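Here is what each chain is made of, one letter per residue.
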Amino acid sequence: MVMPEATFGVIGGGMMGEALITRLLDQGVFVPEAVIVSDPQAARREILHHTYGVQTTAENQAVIDAAETVLLAIKPQMLEAVAENLRFPEREKPPLLLSILAGVTLARLEQEFLGWAVVRAMPNTPATVGAGVTALAAGEAVSTAQREQACAIFASVGTVVEVPESQMDAVTALSGSGPGYIALVVEALADGGVAVGLPRAIALELAIATVRGTGELLHQGDLHPAVLKDRVTSPGGTTIAGIAALEAGGLRSALIEAVRSAYLRSKELGQS
Ligand SMILES: NC(=O)c1ccc[n+]([C@@H]2O[C@H](COP(=O)([O-])OP(=O)(O)OC[C@H]3O[C@@H](n4cnc5c(N)ncnc54)[C@H](O)[C@@H]3O)[C@@H](O)[C@H]2O)c1
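Just so it is clear, the model here is predicted, and its values are computed rather than measured.

*Asks:* Describe the pairing of strand 1 (residues 8–11), listing the residues and the values that go with them.
*Replies:* Residues Phe-8 and Val-10 of strand 1 are buried on one face, and the alternating residues Gly-9 and Ile-11, pointing to the opposite face, are buried as well. The parallel pair strand 1 and strand 2 (residues 35–38), bridged by helix 1 (residues 15–26), forms a crossover whose chirality is right-handed. Bridge count for strand 1 against strand 4 (residues 69–72) is four bridges, and the pairing is parallel. Bridging from a neighbouring strand, Val-10 pairs with Leu-71 of strand 4.

Shown next as structure tokens:
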């Protein structure tokens, strides 16, 4: 879906804002002149303007006034301060707000952005390289065309799934925060390699390639993880020795507790 006529606004030109902007422009979904980004950091505005040719401003109001579709990509804790300084002029049709703020509910966003149609979305950092996954939940005022537009925008950074809003905190805890957990696993695997004598650079390369390849195999082979685990595990071999150590160390419960803690934190952020 190409939208060269539409003005796309971004409030908060940080890491996630930039990830979306770069892919949307690369794929020609929007043209740079039709993208306007607000950020209080002059350095961020400079980078975004010079790298992508988009318009930048320190005024969030300029984005609200110019764009029919706005991506809200500030930290959840900033929402109140940002929203209380905005005015929402009446429009013929409700503009579309795409919020990626962890924890912040549709009800709260609809209250802060009065008269706007709101989609709550949770992408993840592999979006930066087009390998993200985004879950979306649309508010009641969102039209079919706006829902399709939201899906097209997030499809530019990876795959998209629609979920009921009640599942968004769980999504945040799993796929939203997940890249952080997996990065920790990769780092620890590399440390393990170093512990048994590999040079650091080789250990890291092997760890990254192993996680990447395993993800690809599970995905392309449509395999259940238990089937893949069994295929790697020779009787009396090396893998079962490693797995026994992981079970003794509580890897599974640690990951389950990680998702549970992140879920609770996402709920808390929604209440702050
Ligand atoms: N990082 C992730 O993995 C991830 C994944 C999914 C969703 N999110 C959500 O995305 C949002 C942004 O996260 P990020 O990692 O890009 O953060 P970030 O810190 O990189 O970006 C936030 C940007 O907002 C700008 N900002 C601060 N105050 C502002 C204001 N008053 N008006 C406009 N802009 C302002 C900052 O200067 C910064 O550039 C968060 O709400 C987070 O919950 C993050």
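*Asks:* How would you explain the pattern of salt bridges if you had to name every residue and give the values?
*Replies:* Two side chains carrying opposite charge are able to pair once their charged atoms lie near each other. Overall, the coordinates contain 11 salt bridges when judged by the stated rule. Of the charged contacts, one joins Asp-191 and Arg-200 as a salt bridge, the two residues approaching to 2.8 Å between their closest N and O atoms. Classification of Arg-200 by relative accessible area gives partly exposed; the value is 44%. Glu-268 serves as the salt-bridge partner of Arg-265, at 2.7 Å between the closest nitrogen and oxygen. One end of the pair is Arg-265 and the other is Glu-268, both in helix 12 (residues 251–271) and three residues apart, which spans about a single turn.

*Asks:* With reference to specific residues and values, describe the UniProt feature "binding site: NADPH" (unreviewed entry) in the protein.
*Replies:* When the UniProt feature table is mapped onto this chain numbering, "binding site: NADPH" (unreviewed entry) sits at Asn-60. Of the residues examined, Asn-60 reaches a relative accessible area of 19% and is grouped as buried. Only 2.6 Å separates the side chain of Asn-60 from the side chain of Ser-38, close enough to count as a polar contact.

*Asks:* Can you tell me about unusual backbone geometry, naming the residues and giving the values?
*Replies:* A positive phi angle, close to 50°, is found at Asp-222, a residue other than glycine. One can find Asp-222 in the loop between helix 9 (200–220) and helix 10 (225–232). Residue Asp-222 is classed as exposed on the basis of its relative accessible area of 69%.

*Asks:* Give me the sheet that holds strand 5 (residues 96–99): which residues, what numbers.
*Replies:* Spatially, 3-2-1-4-5-6-7-8 is the arrangement adopted by the eight strands of the open sheet, whose pairing is mixed. Lying at the two open borders of the sheet, with one neighbouring strand each, are strand 3 (55–57) and strand 8 (158–162). Put simply, the sheet's adjacent strands are angled 25° from each other on average, direction ignored. Where strand 7 (residues 132–138) meets strand 8, five bridges bridge the pair, whose relative direction is parallel.

*Asks:* Lay out a nonpolar patch on the surface with the relevant residues and their values.
*Replies:* On the surface, Leu-198, Ile-202 and Leu-206 cluster together into a nonpolar patch covering about 240 Å² of accessible area. Following the sequence through the fold, Leu-206 ends up in helix 9.

*Asks:* Can you lay out the site of the ligand for me, pointing to particular residues and giving the numbers?
*Replies:* Not every one of the 24 residues close to the ligand is listed here, only the nearest: Met-15, Met-16, Asp-39, Gln-41 and Ile-74. At 3.4 Å, a backbone N or O of Gly-14 approaches an oxygen atom of the ligand. Between the ligand and the protein, one listed contact pairs a nitrogen atom with a side-chain N or O atom of Asn-60 at 3.0 Å. Notes on the ligand: free accessible area 830 Å², of which the protein chains cover 80%. The residue inventory of the shell around the ligand, partitioned by class, reads 14 nonpolar, seven polar and three charged.

*Asks:* Break down the environment of Ala-102 for me, with residues and values.
*Replies:* Looking at the element boundaries, Ala-102 is found in the loop between strand 5 and helix 5 (106–112). Residue classification places Ala-102 among the buried residues on the basis of a relative accessible area of 18%. Those residues in contact with Ala-102, other than ones at most four positions away along the chain, are Pro-76, Met-122, Thr-172, Ser-266 and Leu-269.

*Asks:* So what's going on with the pairing of strand 5? Residues and values would help.
*Replies:* Where burial is concerned, the two faces of strand 5 agree: the one with Leu-96 and Leu-98 and the one with Leu-97 and Ser-99 are both buried. Relative to strand 5, strand 4 runs parallel, the two sharing four bridges. Bridge assignment links Val-70 to a residue of strand 5, and that residue is Leu-97. Taking the sense of rotation as the criterion, the β-α-β connection linking strand 4, helix 4 (residues 79–84) and strand 5 turns out right-handed. Strand direction decides the pairing type here: strand 5 and strand 6 (residues 117–122), joined by four bridges, are parallel. Bridge pairing in strand 6 links Leu-96 to Ala-117.

Conventions and cut-offs
By convention here, each chain's residues receive numbers from 1 onward along its written sequence. In view of the model being predicted, local features appear only for residues whose pLDDT reaches at least 70, and side-chain atom pairs are presented and counted only at 80 or more, with totals across whole chains, interfaces and linings using the full set of residues. Excluded from the side-chain calculation are hydrogens and water; included are all heavy atoms of the structure. We call a residue buried when its accessible area falls under 20% of the maximum for its residue type, exposed when it is over 50%, and partly exposed in between, using a 1.4 Å probe and counting protein chains only. Working definition: helices are DSSP H or I runs of at least four residues, strands are E runs of at least two. Numbering for both runs from the N terminus. Orienting the strands away from the viewer, one traces the path from the first strand over the helix to the second; a clockwise path indicates a right-handed crossover. Pairing between two strands requires that DSSP report at least two bridges joining them. Take a side-chain nitrogen of Lys or Arg and a carboxyl oxygen of Asp or Glu: if they are within 4 Å of each other, that pair is a salt bridge. UniProt positions are given in the numbering used here, feature names are shortened, and annotations may be inferred rather than shown by experiment. For this analysis, a polar contact is any N or O atom pair within 3.5 Å, provided that within protein one partner can donate a hydrogen and the other can accept it, and provided that sequence-adjacent residues contribute only side-chain to side-chain pairs. Inter-axis angles, ranging from 0 to 180 degrees, are taken between N-to-C directions of lines fitted to C-alpha atoms, where helices are fitted over the stretch in contact. Put simply, a patch holds well-exposed residues, over 30% relative accessible area, that have no salt bridge, with like charges counted together within 9 Å and Val, Leu, Ile, Met, Phe, Trp or Tyr side chains within 5 Å. The accessible surface values rely on the Shrake-Rupley method and a 1.4 Å probe; as for residues, cover is taken only from the protein chains in view. We call a residue near a given molecule or strand whenever any one of its heavy atoms falls within 4 Å of it. Each residue receives one of three labels: charged for Asp, Glu, Lys and Arg, nonpolar for Ala, Val, Leu, Ile, Met, Phe, Trp, Tyr, Cys and Pro, and polar for the others, Gly being one of them. In what follows, a contact means two residues having at least one pair of non-hydrogen atoms within 4.5 Å.

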